[in-house]
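Here are the chains, one letter per residue:
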Amino acid sequence: MENGLNGKVVAVTGGFGSLGLATAQLLAERGARVALIGRGAAPEAAALPAELANALCMGGVDLVDAKAAQTAFGALQEKLGALDALVNVAGAFRWETVGDGDAHTWDSMFDLNVKTALNASKAALPHLVQSGAGRVVNIGAGAGLKAGLGMGAYSASKAGVARLTEALAEELKDKGVTVNAILPGIIDTPQNRADMPGADFTRWVQPREIATVIAFLLGEDAQAITGALIPVNGRM
Ligand SMILES: NC(=O)c1ccc[n+]([C@@H]2O[C@H](COP(=O)([O-])OP(=O)(O)OC[C@H]3O[C@@H](n4cnc5c(N)ncnc54)[C@H](OP(=O)(O)O)[C@@H]3O)[C@@H](O)[C@H]2O)c1
């Protein structure tokens, strides 16, 4: 048994994206039973890492829609019989200045970063409480602490994820469920490499490095940590 994850059922939203897939893979390596939930179509089994051969893949779930979230988590509970942890990775980024931008972007960032985590958490909550030692880990962002140029809408939405984390942690303190957030800096993803070809990629945090912190937060050793916002920046 490594890190106390053996047999734990963990849902990873945004599970088909860069960080979500790396997280699901590491958790499966450490013995968790993993469910990947995503908005796009689920990848073919052959396209997934071998560790995820038995993972439950649920595609076509738009977590901005509270009803879709409820339906997905109901189906997950039925198929896997339990839910011990939720990792809210689903989210999106948009760079846009205030002057050239649109209020719609602020709504969209709030939907994709806050409401996805809110709706998944609400849908998972009864199952997590039932688990007896439930865990929620949200993916915020370092940018949620302070906005830079063009980062207003995204930063405000990730600040929302941080506040959701703190409020839910307080709400669940006496129910045995911990709620924490990781605040990544720039993650070394194919998208970021394409967007910033001149950058020093070696300074960026690897998805797997974030996944190991998530695994720690899901394990028994992290039982006393709740409401924490943890920067994971690599060497930025
Ligand atoms: N990349 C970075 O440098 C960085 C830095 C700090 C924080 N973060 C955060 O880390 C998380 C993962 O980032 P990433 O780079 O791995 O991004 P990614 O590859 O784009 O993965 C995000 C995933 O979330 C899914 N998603 C988006 N909206 C959804 C919805 N409404 N319902 C269900 N799933 C939805 C996407 O599915 P579709 O593709 O089907 O839409 C995608 O698979 C995000 O929350 C992001 O804000 C990233």
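Quick notes on the rules
- Residues numbered from 1 in each chain as written.
- Predicted model: local features only at pLDDT ≥ 70, side-chain atom pairs only at ≥ 80, totals over all residues.
- Heavy atoms only, no water.
- Helix = DSSP H or I, 4+ residues; strand = E, 2+ residues; numbered from the N terminus.
- Buried < 20%, exposed > 50% of the residue type's maximum accessible area, 1.4 Å probe, protein only.
- Contact = heavy atoms within 4.5 Å.
- Areas by Shrake-Rupley, 256 points an atom, 1.4 Å probe, with all protein chains shown as cover.
- Lys, Arg positive; Asp, Glu negative; His and termini not counted.
- Charge placed at Lys NZ, Arg CZ, Asp CG, Glu CD.
- Pairing = 2+ DSSP bridges.
- Axes fitted to C-alpha atoms, helices over the stretch in contact; angles between N-to-C directions.
- Near = heavy atom within 4 Å.
- Polar contact = N/O pair within 3.5 Å; in protein donor to acceptor, adjacent residues only side chain to side chain.
- Patch = residues over 30% accessible without salt bridge, like charges linked within 9 Å, V, L, I, M, F, W, Y side chains within 5 Å.
- Salt bridge = Lys/Arg side-chain N within 4 Å of Asp/Glu carboxyl O.

A.B. asks: Lay out the overall build of the chain in plain terms, naming residues and giving numbers.
C.D. replies: Helix and strand counts for the chain stand at six helices and seven strands. For the chain, the sequential pattern of α-helices and β-strands runs β-α-β-β-α-β-α-β-α-β-α-α-β. Each principal axis of the C-alpha atoms in the chain carries an extent, and together these give about 50 × 35 × 35 Å. By the burial criterion, 47% of the 236 residues in the chain qualify as buried. In the chain, of all internal contacts separated by at least 6 residues, the share reaching a separation of at least 24 is 69%. Total accessible area on the chain stands at roughly 11,000 Å², and carbon and sulfur atoms take up 53% of it. If you average the places of the 19 positive and of the 23 negative side-chain charges in the chain, the two averages end up 2 Å apart.

A.B. asks: Quick one: what's the story with the sheet that holds strand β7 (residues 229-232), residue by residue and with numbers?
C.D. replies: An order of β3-β2-β1-β4-β5-β6-β7 is seen for the seven strands of this open sheet, with the pairing classed as parallel. The strands lining the two open edges of the sheet, one partner per strand, are β3 (56-58) and β7. Averaged over all pairs of adjacent strands, the angle between their axes in this sheet comes to 20°, without regard to strand direction. Summarising the sheet, strand β1 (residues 9-13) and strand β2 (residues 33-37) pair through five bridges and their orientation is parallel. Bridge pairing in β2 places Val10 opposite Val34. Lying over the sheet, helix α3 (residues 103-131) contacts β1, β4 (85-88) and β5 (135-139), oriented at roughly 175° with respect to β4.

A.B. asks: Give me the site of the ligand: which residues, what numbers.
C.D. replies: Contacts to the ligand come from 27 residues, most closely from Leu19, Arg39, Asp62, Val89 and Asn192. For the ligand, an oxygen atom lies 3.3 Å from a polar atom in the backbone of Gly17. Tyr154 is positioned with one of its side-chain polar atoms (N or O) 3.3 Å from an oxygen atom of the ligand. Calculation on the ligand without its partners gives an accessible area of 880 Å², and the protein chains cover 80% of this total. Mapped onto the shell around the ligand, the elements with two or more residues apiece are α1 (18-29), α3 and α4 (152-171).

A.B. asks: Break down a nonpolar patch on the surface for me, with residues and values.
C.D. replies: There is a patch of nonpolar side chains on the surface, built from Phe93, Trp95 and Leu149 and spanning about 380 Å² of accessible area. Tracing the sequence through the fold places Phe93 in the loop between β4 and α3.

A.B. asks: Give a detailed account of the side chain of Asp188, specifying residues and quantitative values.
C.D. replies: Relative to the helices and strands, Asp188 resides in the loop between β6 (178-184) and α5 (190-195). Within the structure, Asp188 has its side chain in polar contact with the side chain of Arg193 (distance 2.7 Å). Polar side-chain contacts of Asp188 include one of 3.0 Å to the side chain of Gln206. Those residues in contact with Asp188 that lie beyond four places of it in its chain are Arg193, Phe201, Trp204, Val205, Gln206 and Pro207.

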